[in-house]
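# What the coordinates show
Given next are the chains, with one letter for each unit.
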Amino acid sequence: VTGAGGSIGSELVRQIMRFHPKRLVLIDIYENNMYDLQQEIVMERRIGEMQSDTDIVCLLASVRDKDRINKIMAKYQPDVVFHAAAHKHVPLVEDSPLEAIKNNVIGTRNVIECCIMNCVGKFVMISTDKAVRSTNVMGATKRMCELIVEGYKNNGVTKLCAVRFGNVLGSS
């Protein structure tokens, strides 16, 4: 799960854990969120509210760093990648559009290409309802990500899809 420390990424982690995967690799660039999620999992396991047979791997990495993402995928060989890493706060993204393009668009392309290079079976990108007739930079970058997913769909290795989420209260 990329962006595992964020509101959507961390909830994906909680939901995925219910299916008892062999291993769950969590990737985030922001160490505070990753640490909080790691500690939540430790505490939930300690009190018996979360299963403990899944190997949890927490890694600091940026989707902008294709080499790092490629090395992670080569080492852990995931079956499925949930891509939730993104700059998504509209006002901040409006003030730093190039950073949003690097993170959202180029980061998404990097993750997809690494999935294909490492024979990952499935890739799921988390998009936003703001990608529909976008009126802001964030929505436009997420729409570009959807188009990248579409452009790589016939790669012969990794099945790709994008899902759109609406506003998430208190998201990080």
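Residues numbered from 1 in each chain as written. Predicted model: local features only at pLDDT ≥ 70, side-chain atom pairs only at ≥ 80, totals over all residues. Heavy atoms only, no water.

## Some words on the nonpolar core
Ile69, Met73, Val111 and Phe123 are the most contacted members of the largest nonpolar core, which totals 25 residues. If you list the elements that add at least two residues to this core, you get β1 (23–28), β2 (55–60), α3 (66–76), α5 (97–117), β4 (122–128) and α6 (137–151). In terms of residues, this core owes the most to one element, α5, which gives six residues. Those residues within four positions of phenylalanine 123 in sequence are excluded, and the remaining contacts are Val81, His83, Thr108, Val111, Ile112, Cys115, Val149, Thr158, Lys159, Leu160 and Cys161. One finds Ala4, Ile8, Leu12 and Ile16 within the second-largest nonpolar core, a separate group that totals 16 residues. (Core = buried A, V, L, I, M, F, W, Y, C linked by side-chain atoms within 4.5 Å. Buried < 20%, exposed > 50% of the residue type's maximum accessible area, 1.4 Å probe, protein only. Helix = DSSP H or I, 4+ residues; strand = E, 2+ residues; numbered from the N terminus. Contact = heavy atoms within 4.5 Å.)

## Side note on the environment of asparagine 103
Turning to its location among the elements, asparagine 103 is positioned in helix α5. Given a relative accessible area of 8%, asparagine 103 falls into the buried group. When the C-alpha atoms of asparagine 103 and serine 62 are compared, they prove to be 8.3 Å apart, with 41 residues separating the residues in sequence. In this structure asparagine 103 touches Val63, Arg64, Ala85, Ala86, His87 and Thr108, once residues within four positions along its chain are discounted.

## Examining the environment of glycine 3
With respect to the element layout, glycine 3 can be found in the segment before α1 (7–17). Given the relative accessible area of 12%, glycine 3 is considered buried. Sequence separation of glycine 3 and aspartate 28 is 25 residues, and the distance between their C-alpha atoms is 4.7 Å. Excluding residues that lie within four positions of it along the chain, glycine 3 makes contacts with Gly9, Ser10, Ile27, Asp28, Ala84 and Ala85.

## Notes on α5
Compared with the 30 Å implied by 1.5 Å per residue over 21 residues, the 29 Å span of α5 between its first and last C-alpha is a close match. At glycine 107, α5 shows its largest bend, some 30°. Cysteine 119 lies just past α5 and shows a positive phi near 55°. (Expected span 1.5 Å × (residues − 1). Bend = angle between axes of the 7 residues up to and from the residue.)

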